[in-house]
Amino acid sequence: MGPVVEVRGVTKWFGETTALDEVDLTVRGGDVHGLLGPNGAGKTTLLSALFGLVLPDEGTIRLFGRTRAQAGAGWLDGVGGFVETPRFYPYLSGRRNLAVLAGLDGGDAASLIDSALERAGLAGPAARQKVRGYSLGMRQRLGIAAAVIRRPRLLILDEPANGMDPAGIRDLRAALRRVAADGVSVILSSHDMAQVEEICDSATILSAGRVAAAGRLDALRAAAPDPVWRVRTSDDGRALSVATGLDGVKAAVGDGGGLVVHAAQGEMDSYVLALAAASVALRGLELDRTPLEALFFQLTDGAAKPVATTAEVTS
Amino acid sequence: MKRLGRVAGTFAVAALALLATSCSSSSNLTPDRLQPSLGRAFANLYALQQSEMGNPRVTSAALKARASCEKGGTLDVAQQGSGVWLCQITYLVAGPGYPVIAKYNVDLQTDGCYAADGDGPASVNGSPTITGPGYRQVINPLSLIDGCFDTT
Amino acid sequence: MSLAAEPWPAYAGATSARTGGVAGALAVWRVELVKLSGKIVIRAIIALSVIGPFLVVGFLHLQSATPGDTPFGQWVHASGFAIPMTILGFGGQWILPALTGVVAGDIYSADDHLGTWKTILTRSRGRAELFAGKFLAAATFAVTALLVLTVTDLLAGLAAGRSPVVGLSGQLVPAGHATWLVAASYLSDLPPLLGFTALAVLLSVASRNSVVGIGGTVVIGVLFQIVTLANLPQWGQQALLSTPFMSWHGFWGAPAFYGPFLWSLLTCAAWFAACSAAAWLIFRRRTIEAAA
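Attention here is on the structure that accompanies the text. Treat the numbers as computed from the prediction; the structure is a model and nothing was measured.

### Concerning a nonpolar patch on the surface
Here is step 1 of the chain: A contiguous nonpolar surface patch, about 400 Å² in accessible area, is contributed by V218, V219, V222, L223 and I226 of chain C.
Here is step 2 of the chain: Tracing the backbone shows V222 of chain C in helix α9 (residues 210–227).

### Regarding the interface of chain B and chain C
Here is step 1 of the chain: In this complex, chain B contributes 34 residues to the contact, which on the side of chain C involves 41 residues.
Here is step 2 of the chain: For the pair chain B and chain C, the number of links is zero salt bridges.
Here is step 3 of the chain: Our enumeration of links across chain B and chain C arrives at eight residue pairs in polar contact (both at pLDDT 80 or more).
Here is step 4 of the chain: Broken down by secondary-structure element, the contributors of at least two residues to the side of chain B that touches chain C are α1 (2–21), α2 (31–52) and β7 (144–148) of chain B.

### Quick notes on the packing of aromatic side chains
Here a ring pair, both rings aromatic, is described through the centre-centre distance and the interplanar angle of the planes.
Here is step 1 of the chain: The full count for this structure, using the stated rule, is 22 aromatic pairs over all chains.
Here is step 2 of the chain: Taken together, a centroid distance of 6.1 Å and an interplanar angle of 80° make the contact between F42 of chain B and Y104 of chain B edge-to-face. Residue F42 of chain B is located in helix α2, and its partner Y104 of chain B is located in strand β3 (residues 99–108); the two are separated by 62 residues in the primary sequence. For the pair F42 of chain B and Y104 of chain B, one class covers both residues: buried.
Here is step 3 of the chain: When the centroid spacing of 6.1 Å and the interplanar angle of 55° are considered together, the rings of F131 of chain C and F135 of chain C count as tilted. Separated by four residues within a single helix, F131 of chain C and F135 of chain C lie in helix α6 (residues 127–160), roughly one turn from each other.
Here is step 4 of the chain: Counting every residue linked through ring pairs, the aromatic cluster contains Y108, W117, F131, F135, F272, W280 and F283 of chain C.

### Overview of the sheet that holds strand β4 (residues 58–63) of chain A
Residue and element names in this part refer to chain A.
Here is step 1 of the chain: Read across the sheet, three strands follow the order β2-β1-β4 without closing on themselves; strand pairing throughout is antiparallel. With partners counted over all chains shown, the strands left at the sheet margins are β2 (17–27) and β4, one partner each. The average undirected angle you get between the axes of adjacent strands in this sheet is 20°.
Here is step 2 of the chain: Relative to β2, strand β1 (residues 5–14) is paired through seven bridges, and the arrangement is antiparallel.

### Some words on the nonpolar core
Here is step 1 of the chain: Judged by nonpolar contacts, the single largest core of 197 residues is most densely connected at V5 of chain A, L38, F42, Y91 and Y114 of chain B together with W252 of chain C.
Here is step 2 of the chain: Per element, the largest residue contribution to this core is twelve residues, and it comes from α6 of chain C.
Here is step 3 of the chain: With near-sequence residues (within four places) excluded, Y91 of chain B lies in contact with F42, Y46, L63, K64, A65, Y98, P99, V100, A102 and V124 of chain B.

### A look at the pairing of strand β7 (residues 185–190) of chain A
All names here are of chain A.
Here is step 1 of the chain: Extensive coverage of β7 is indicated by the burial of six of its six residues.
Here is step 2 of the chain: Alternating positions in β7 separate into two faces, S185, I187 and S189 on one and V186, L188 and S190 on the other, with burial throughout.
Here is step 3 of the chain: As paired elements, strand β3 (residues 32–36) and β7 share five bridges and run parallel to each other. Following the sheet pairing, V32 is matched in β7 by V186.
Here is step 4 of the chain: Inspection of the sheet shows strand β6 (residues 154–158) paired to β7 by five bridges, in the parallel sense. From the neighbouring strand, L155 faces β7, where its bridge partner is V186.
Here is step 5 of the chain: Traced from β6 through helix α7 (residues 166–181) to β7, the parallel crossover comes out right-handed.

Reading the values: rules and limits
Residues numbered from 1 in each chain as written. Chains lettered and ligands numbered in written order. Predicted model: local features only at pLDDT ≥ 70, side-chain atom pairs only at ≥ 80, totals over all residues. Heavy atoms only, no water. Patch = residues over 30% accessible without salt bridge, like charges linked within 9 Å, V, L, I, M, F, W, Y side chains within 5 Å. Areas by Shrake-Rupley, 256 points an atom, 1.4 Å probe, with all protein chains shown as cover. Salt bridge = Lys/Arg side-chain N within 4 Å of Asp/Glu carboxyl O. Helix = DSSP H or I, 4+ residues; strand = E, 2+ residues; numbered from the N terminus. Contact = heavy atoms within 4.5 Å. Polar contact = N/O pair within 3.5 Å; in protein donor to acceptor, adjacent residues only side chain to side chain. Phe/Tyr/Trp six-rings, centres within 6.5 Å; stacked < 30°, edge-to-face > 60°. Buried < 20%, exposed > 50% of the residue type's maximum accessible area, 1.4 Å probe, protein only. Pairing = 2+ DSSP bridges. Axes fitted to C-alpha atoms, helices over the stretch in contact; angles between N-to-C directions. Core = buried A, V, L, I, M, F, W, Y, C linked by side-chain atoms within 4.5 Å. Right-handed = clockwise from strand over helix to strand, strands pointing away.

Spelled out as structure tokens, the structure:
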């Protein structure tokens, strides 16, 4: 079976600005794919293009092997999700809003409304309340309920955890892992690599409209720079000199005291032991940035220069 | 907003072009359309007036009413277009069999409709009401004539 | 319950989403009508259309003066049929554009204002179906309102008195024929009403702003009435979308003439086609910006 989402060479200009520049993206069935980038990188534009809200100037987009022209009205068949904060009719209740959307969907969407609302934690009075009184988190949940009634086989979610409480975020994470196991594909955008690392199998990193890196997380990790640690010791000066003697450990004085150390896990272990051998006590050790976070910052800091990475999605 | 600007601009240009054509135009608001319409209306309404007053029945055809209209104003103006026209309607009264002239000030609009205000003689169209049988006061159908003719 | 507790509804193959085209547009039409019927403004307009004419009759009954400056005005106390014709002659040109503008000038731009285009465009209906369905809903409202007005104005007039009424060639029109002529006169305003509907849609789509959509339609209606006062050539007068509102004059002539009505069909068809096409061309490839 071919890829569920296939984006090839998509370019979009808005007047003088290039929002997307020759972007490629591939998502396989059952994958949870992260779309990462700082604000303004083009994540929302790309997701809008998948939904047909933005029409690319160049390139092709295929969902389930069909372009928008080929699929016609069935382009978003089995596709659910939202771009930026979901918007509804404020003068209608949550339930009525879903009824409106189910009316547009046809099929058996209307019969799924009750269970979708329960699932999203919006049953009872919340469902009857007008949406203008909803909090951000409630609107996100309603957005997910609106996706559930479409019987999705592809979920496109733009920062879905935005505005949710920690319990909600955990719940969402578990749900996405579950639906992925059931064969649903997911594209999840975020500016937070830590979130993506928790649940994604693969990722695309966007910077200033271009793809800076893409591939399965393992492969990206392999090409990533060393993780970054925050270290507090009894003698920072001695700790620094110990570091200079070790391969693969780069230490510098950090802001607000302590040291900032770039080292892979194995090298870090050696460093800790070396410190003890040099009679420097370790008072604190924290992982500040995972390898992928470090990769992300490296790629998205300053001008976008695509990293020559071997971490391509392989078929 | 650019799109709206373009739409508004198109309308504005079209409207101005249309207005520009009004300077040198030939319309169908001419005497040879106004006169027959007014004459026919007068004749019908005269018959109505006579029956409301309880007088012997008159057929509108027998009146042979003919209207003659001139666009108002002291200078020589083009005899066409909307505005005030002065009309005289000549008709034959049964019995005496002599021609009577009724005068009207006609306010003609661009859609071919007009309001003709009676300007004498007093007994015909000067008074807004007439007295019917049993001293009933009713509207004098000839004092204000609302009519329309085809401008296409 | 929570999002992860149970499997989500599984994809079940192509749904009725595939039946696009007319069936899809009708689905959108139904949804829009439901949304419209819940709005207070719409309910108020329909209620006013039903009781308004009877209020007008009552008002006229209470005074002896008659409306001037409009055909049939002088006869309102003499014949009930003059009342609906006076209302139509006096109000037709500006009430009807405003009436359709309230819905058609808002039905597209409301979604821009609320940011809900991205919600309804990401369901199983394509842009063409959404555009057509909303257009149909706006037209349905306009036609319904005019039909309600026709019936209630006629009933109010009949209640006031069924004496023959004086036509526009001074002829007396008996009650039976007058009833038909009143109904025909009102219905002859359907084409320009639909023309203004298309115009309001164009303003709504182009500006993405309901104030421009509604207000702009009213303003343009007034501008037409100002321009018509100039001595334009015949084709110029007929090109204005306000002229068709008065094409019923010919029905009341003796003999009746239908030239203005035929011209009005042409004018309204041209305006309708041009405005609808322009609105669609603007909408079909527009970028829907996600509003935060």
